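Observations on chain architecture
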Amino acid sequence: MTRFEPAVLALADALRARGWRLACAESCTGGLLAAACTAVAGSSDWFERGVVSYSNDAKTTLLGVPAATIDAHGAVSEEVARAMAEGLLARAPVELTLAVTGIAGPGGAVPGKPVGTVWIAWAVAGRTEARLLQLDGDRAAVREATVDAALVALVAAARA
């Protein structure tokens, strides 16, 4: 059993119960959430796609995040996380999306956004929510804690 498996199985049950499918847009986690989801057998029933949108260009071209939003707020912001989740929802045949953007470290910190600053956002038709995470630890710890938080948010969203 992987570290994420119990939460992924809970997510799978919640999505299957509603007949929903999931897509993820990941920046600082670099596909770790998608890997956690697809590590369990039967994930093709509910996991539709994952997009690693690490660069700002990928965020704009693959997810439709306006460059002006990135310029105004920075890639690591609530506004960009929301736009990523909403852009993926508009492009993928799914009912639920989750987006992650953050600073996993050890570099990349900017004033007001230290290493461990991560925004997650999830979207369903007509509703987008976002949460700021301020995480401690090295790069691996920040990425893993982000996936943990994302899975909790997704399970709650799928059960709402």
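Every chain is numbered independently, its residues counted from 1 as its sequence is written. Given that this is a predicted model, residues contribute local features only at a pLDDT of at least 70 and side-chain atom pairs are listed and counted only at 80 or more, while totals for whole chains, interfaces and linings are drawn from all residues. The basis for every side-chain value is the complete set of non-hydrogen atoms in the structure, without hydrogens or water.

**Section: the overall build of the protein**
Note the following rule: Numbering of helices and strands runs from the N terminus; a helix is a DSSP stretch of H or I covering at least four residues, while a strand is a stretch of E covering at least two. We compute the radius of gyration over the C-alpha atoms and compare it with the globule rule, which gives 2.2 Å times the number of residues raised to the power 0.38. The buried label applies to any residue whose accessible area, calculated with a 1.4 Å probe on protein chains only, is under 20% of its type's maximum; exposed applies above 50%, and partly exposed to all values in between. The contact criterion used throughout is that any non-hydrogen atoms of two residues lie within 4.5 Å. Residue exposure ignores everything except the shown protein chains as possible cover, and the areas themselves are Shrake-Rupley values with a 1.4 Å probe.
Of regular secondary structure, the protein possesses 6 helices and 5 strands. Sequence-ordered secondary structure for the protein, helices as α and strands as β, is α-β-α-β-α-α-α-β-β-β-α. Taking 2.2 N^0.38 as the reference for a compact globule, 160 residues should give roughly 15 Å; the C-alpha atoms of the protein span a radius of gyration of 14 Å, in line with that estimate. Summarising its shape, the C-alpha atoms of the protein cover approximately 45 × 30 × 25 Å along the three principal directions. Classification of the 160 residues of the protein by burial places 48% in the buried group. In the protein, 64% of the contacts between residues at least 6 apart in sequence involve partners at least 24 apart. When the accessible surface of the protein is summed, it comes to about 6,900 Å², and 54% of that surface belongs to carbon and sulfur atoms.

**A closer look at the sheet that holds strand E2 (residues 47-52)**
Sheet strands pair by backbone hydrogen bonding; their relative direction is either parallel or antiparallel. What counts, and what does not: Whether two strands pair comes down to DSSP finding at least two bridges between them. Only C-alpha atoms enter the line fits that serve as axes; for helices the fit covers just the stretch in contact. Angles between N-to-C directions range over 0 to 180 degrees.
Taken in spatial order, the 5 strands line up as E2-E1-E3-E4-E5 in an open sheet, and their pairing is mixed. Sheet topology places E2 and strand E5 (127-134) at the edges, where each strand pairs with a single neighbour. Taken over all neighbouring pairs, the strand axes of this sheet differ in orientation by 15° on average, direction set aside. Here strand E1 (residues 22-26) pairs with strand E3 (residues 96-102) via 5 bridges, running parallel.

**A few points about the UniProt feature "domain: CinA C-terminal" (unreviewed entry) in the protein**
Note the threshold: UniProt positions are given in the numbering used here, feature names are shortened, and annotations may be inferred rather than shown by experiment.
Here, the residues flagged by UniProt with the feature "domain: CinA C-terminal" (unreviewed entry) are residues 10-154. Here residues 10-154 runs as 42% helix and 23% strand, with 10 Å between its end C-alpha atoms.

**A short note on the side chain of Thr 101**
Filter applied, for reference: A 3.5 Å cut-off defines polar contacts: any pair of N or O atoms within that distance qualifies, except that in protein one atom must be a possible hydrogen donor and the other a possible acceptor, and neighbouring residues in sequence count only when both atoms are side-chain atoms.
Its place among the elements puts Thr 101 in strand E3. A polar atom in the side chain of Thr 101 sits 2.8 Å from the backbone oxygen of Ala 75. When near neighbours in sequence (up to four residues on either side) are disregarded, Thr 101 contacts Ser 27, Cys 28, Lys 59, Ala 75, Val 76, Ser 77, Ala 81, Met 84, Val 118 and Trp 119.

**Considering the pattern of salt bridges**
The following threshold applies: The salt bridge criterion pairs a side-chain nitrogen of Lys or Arg with a carboxyl oxygen of Asp or Glu, the two atoms within 4 Å.
Evaluation of the coordinates by the stated rule reveals 6 salt bridges. One salt bridge connects Arg 49 with Glu 48, and the closest N-O pair in it is separated by 2.4 Å. Residue Arg 49 is classed as partly exposed on the basis of its relative accessible area of 29%. In this structure, the salt-bridge partner of Glu 129 is Arg 127, at a minimum N-O distance of 3.0 Å. Judged by its relative accessible area of 34%, Glu 129 falls in the partly exposed class. Residues joined by salt bridges that share partners form a network here, namely Arg 3, Glu 144 and Asp 148.

**Side note on the packing of helix H3 (residues 56-63) against helix H5 (residues 78-91)**
The line we're drawing: The hand of a helix crossing depends on one turn: near helix anticlockwise from the far one by less than a right angle means left-handed, and clockwise means right-handed. Throughout this entry, Asp, Glu, Lys and Arg are counted as charged residues, while Ala, Val, Leu, Ile, Met, Phe, Trp, Tyr, Cys and Pro are counted as nonpolar. The remaining residues, Gly among them, count as polar.
Relative to each other, H3 and H5 sit at 35°, their axes nearing to 9 Å. Between H3 and H5 lies a crossing whose hand is left-handed. Across the interface between the two elements, Lys 59, Leu 62 and Leu 63 of H3 pack against Val 80, Ala 83, Met 84, Gly 87, Leu 88 and Arg 91 of H5. Of the residues in the contact of H3 with H5, the class split is 6 nonpolar, 1 polar and 2 charged.

**Topic: helix H6 (residues 139-159)**
Counted only if it meets this: By definition here, a helix of n residues has an expected span of 1.5 Å times n minus one.
In this model, H6 (21 residues) spans 31 Å end to end at C-alpha, consistent with the 30 Å of a helix rising 1.5 Å per residue. Considered for burial, the residues of H6 that qualify are Val 142, Thr 146, Val 147, Ala 149, Ala 150, Leu 151, Ala 153, Leu 154, Val 155, Ala 157 and Ala 158. Packed against the buried residues of H6 are helix H1 (5-18), E1, helix H2 (32-38), E3, strand E4 (117-124) and E5.

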